[in-house]
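Per-entry structural report
Listed here are the chains, written in short residue letters.
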Amino acid sequence: MSDQVRFEFAGDGSGVDDLAWGQQEIWLAMVRQRSWIPIGGPSRLKPGTTLDDIVDDLRYTLGRYQSMRTRLRFDADGRVRQEVSAGGEFTIEVYDAPDDAETFASALFDWYRSGDLDHVKDWPVRVGVVRRHGELTHQVTVATHLVTDALGGAIMMDEVTRRESAPVAGLQPLEQARRQRSPAGQRQNEAALRYWRRQLRTVPARTVPASTDPCEPRYREGLLHSPAMHLALRIIVERHGVDPAAALLAVFAVAAARVFGVEPVVIRPIVGNRFWPGLADVVSPVNQAGLCVVDVAGAPFPEVLDRVRRAVMSTYKYASFDPLRLAEVVADVERERGEPIDLSVLFNDRRTGDRLDLGDGATPELMMEALARTRLDWPVARDSPHEPLMVNVEDAVDAVQVRIVFDTHHLAPAVAEACVLAMQQVAVGAALSSPAVERVPDATEEA
């Protein structure tokens, strides 16, 4: 049982409109995965924190950010729209931990995210507070991914901590929807769809080899922890003067070409889209999966770097689009070609530290020593659906952490394992500048 604390809140902006493109992208992922994609987690409270303090913080965030008070409307024709409320009542649940508060908070988080969410009736965020011996120890916050993403969450937490009083800098979701519907927004959308249509007419129909080992449970998750790749990427970035994100994408492109044996490589990088006017400080999700097509066969790694840098310029430029219109374009091109087009290779560079701080001390000798500390684990096997193939690169202390989540009916586990290990091999080989290792074999050559 829990105690409940109810309070009222109010904020600027309300109304009903279409989902903004980033929201629509997340919603379609929720439909595919049959999940509300909960994000958040438990956090330790400062000693002396009171319920009034927590209510004050929540009243601030609910009032300031429209996505915190957004619910959905489902029209009879299947159209999904957002409904932002001007205010309402919110409930915090307070639980007394019988023993270890931290363990209890983790269990509460798991319970919250495993439950259902009514997108029409429920607020998109749940908050629980853990109390032990009368003291508040932890806050557990779980939100649907429609509220925010990693960067948006960081912006929100910073503003809450500082109690930012200036008006919200980034476009709120209702404003985004209006801008995207404007003539300028539609010109951007049409340009992006033309780019996609040109690429889709020429890309390989299949971007990964068909699975030869469908398993049960069907969906698997692998986790590569590589200190050596961390050092290798630092050497590559310093030597070639490239952006860390481009270096990592080039490493993945080469690994995919080697393991999947498909040319050109077709990757859908998750693009933050915060470089567009009005979106730099947005809290709501604006990420979308772009399209990067690059031919890496027979090229030394420095040439691959250059090709990837050129290709991702178009990827970023045309990664802001109406996902529903894109689905129509894909269907049109599939009819033209008379075959389905596989766009399953999703790549999400979620790092923050490596993008900002290159540090020092990366040497080939240290990199080779670090190879012995490579770990590859398989922590999850489940039946709940996920994307056919998603490669996430995450922050870790002095390491690159690659999380690959995939459908074994789409990609064999051995091939998934070979792909993430090939990323380390490619990065280390490029850092050592070994031509024998750097050159990418043509897909027609024998492995």
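Please read these numbers as outputs of a predicted model, since none were measured by experiment.

What counts and how
- Residues numbered from 1 in each chain as written.
- Predicted model: local features only at pLDDT ≥ 70, side-chain atom pairs only at ≥ 80, totals over all residues.
- Heavy atoms only, no water.
- Salt bridge = Lys/Arg side-chain N within 4 Å of Asp/Glu carboxyl O.
- 1 Å grid on protein atoms, 1.4 Å probe; cavity = no way out; pocket = protein on both sides within 12 Å on 5 of 7 lines; lining within 4 Å.
- Points joined across faces, edges and corners; volume = space filled by probe spheres on them.
- Helix = DSSP H or I, 4+ residues; strand = E, 2+ residues; numbered from the N terminus.
- Nonpolar A, V, L, I, M, F, W, Y, C, P; charged D, E, K, R; others polar.
- Buried < 20%, exposed > 50% of the residue type's maximum accessible area, 1.4 Å probe, protein only.
- Pairing = 2+ DSSP bridges.
- Axes fitted to C-alpha atoms, helices over the stretch in contact; angles between N-to-C directions.
- Contact = heavy atoms within 4.5 Å.
- pLDDT = per-residue confidence, 0-100.
- Core = buried A, V, L, I, M, F, W, Y, C linked by side-chain atoms within 4.5 Å.
- Parallel < 35°, antiparallel > 145°, perpendicular 65-115°, else oblique.

Bringing the pattern of salt bridges into the picture now. Enumeration according to the criterion identifies 34 salt bridges in this entry. Through salt bridges with shared partners, one network takes in Arg 197, Arg 201, Asp 332, Arg 335 and Glu 336.

Moving on, we come to the layout of surface pockets. Of the voids in this model, the second largest pocket is the one considered here, and its volume is about 900 Å³. Lining the second largest pocket are 30 residues, with Ser 43, Gln 139, Thr 141, Met 157 and Val 160 positioned closest to its centre. Elements represented by at least two residues in the lining of the second largest pocket include exactly strand S3 (38–44), helix H2 (51–64), strand S7 (125–132), strand S8 (135–144) and helix H4 (150–162). With seven residues, the single largest contributor to the lining of the second largest pocket is H4. Among the residues making up the lining of the second largest pocket, the classes are represented as 14 nonpolar, ten polar and six charged.

So, on to the environment of Ala 192. When you line up the elements, Ala 192 lands in helix H6 (residues 183–200). The spacing of Ala 192 and Ala 319 is 127 residues in sequence and 7.0 Å in space, taken between C-alpha atoms.

Okay, the pairing of strand S16 (residues 399–407) next. Within S16, eight of the nine residues are buried, which leaves it mostly tucked inside the rest of the structure. When strand S9 (residues 219–226) meets S16, the two strands line up antiparallel, connected through eight bridges. Of the residues in S16, the one forming a bridge with Arg 220 is Phe 406. With eight bridges connecting them, strand S15 (residues 389–396) and S16 associate as antiparallel partners. Bridging across to S16, Val 393 finds its partner in Val 402. With antiparallel pairing between neighbouring strands as the criterion, S15 and S16 make up a hairpin whose turn holds two residues, including Asp 398 at a positive phi of roughly 55°.

Across the sheet, three strands lie side by side as S2-S5-S4; this open sheet has antiparallel pairing. Edge positions in the sheet fall to strand S2 (15–18) and strand S4 (70–74), since each has one partner strand and no second. Taking each pair of neighbouring strands and ignoring which way they run, the sheet shows an average axis angle of 30°. Pairing of S4 with strand S5 (residues 80–84), which is carried by five bridges, proceeds in the antiparallel orientation. Each residue of the ladder has a partner; that of Arg 73, found in S5, is Arg 81. Where helix H5 (residues 173–181) meets the sheet, its contacts fall on S2 and S5, and the angle it forms with S2 comes to roughly 45°.

We now examine the confidence of the model for the protein chain. Mean pLDDT over the protein chain stands at 93; residues scoring 70 or higher make up 95%. For residues 435–447, every residue scores under 50 in pLDDT, and the model assigns this stretch 30 contacts once sequence neighbours within four places are set aside.

Attention now goes to the nonpolar core. Residues Phe 252, Phe 301, Phe 347, Leu 389, Val 402 and Met 423 are the most contacted members of the largest nonpolar core, which totals 58 residues. In terms of residue count, the dominant contributor to this core is helix H8 (residues 244–260) (twelve residues). In this structure Phe 347 touches Leu 248, Leu 249, Phe 252, Ile 267, Arg 268, Pro 269, Ile 270, Val 391, Val 393 and Met 423, once residues within four positions along its chain are discounted. Leu 58, Trp 123, Ala 143 and Val 147 belong to the second largest nonpolar core, which has 24 residues in total.

As paired strands, strand S1 (residues 3–10) and strand S6 (residues 87–96) are joined by eight bridges and run antiparallel to one another. Paired with Arg 6 across the strands is Thr 91, a residue of S6. Here four bridges tie S6 to S7, and the two strands are oriented parallel to one another. Directly across from Asp 96, in S7, lies its bridge partner Arg 131.

In total, this model carries five cavities of 30 Å³ or more according to the counting rule given. If you add up the space inside the largest cavity, you get close to 100 Å³. Forming the walls of the largest cavity are 14 residues, and the residues nearest its centre are Thr 70, Leu 72, Pro 124, Thr 144 and Leu 146. Tallying contributions element by element places S4 first for the lining of the largest cavity, with three residues. Residues of the lining of the largest cavity, tallied by class, amount to six nonpolar, five polar and three charged.

Attention now moves to the packing of H5 against H6. Two numbers describe a pair of packed helices, the interaxial angle and the distance between the axes. For the pair H5 and H6, the least separation of the axes is 4 Å and the interaxial angle reads 70°. Put simply, H5 runs roughly perpendicular to H6. The segment H5 lies against H6, with Arg 179, Gln 180 and Arg 181 engaging Pro 183, Gly 185 and Gln 186. Classifying every residue of the contact of H5 with H6 by side-chain character gives one nonpolar, three polar and two charged.

Taking strand neighbours across the sheet as the criterion, the five strands line up as S1-S6-S7-S8-S3 in an open arrangement whose pairing is mixed. Each of the sheet's edge strands pairs with one partner strand only, and the pair in question is S1 and S3. Going across the sheet, the axis of each strand differs from the next one's by a mean of 20°, ignoring polarity. Against the sheet, H2 contacts S1, S6, S7 and S8, and its axis sits at roughly 35° relative to S1.

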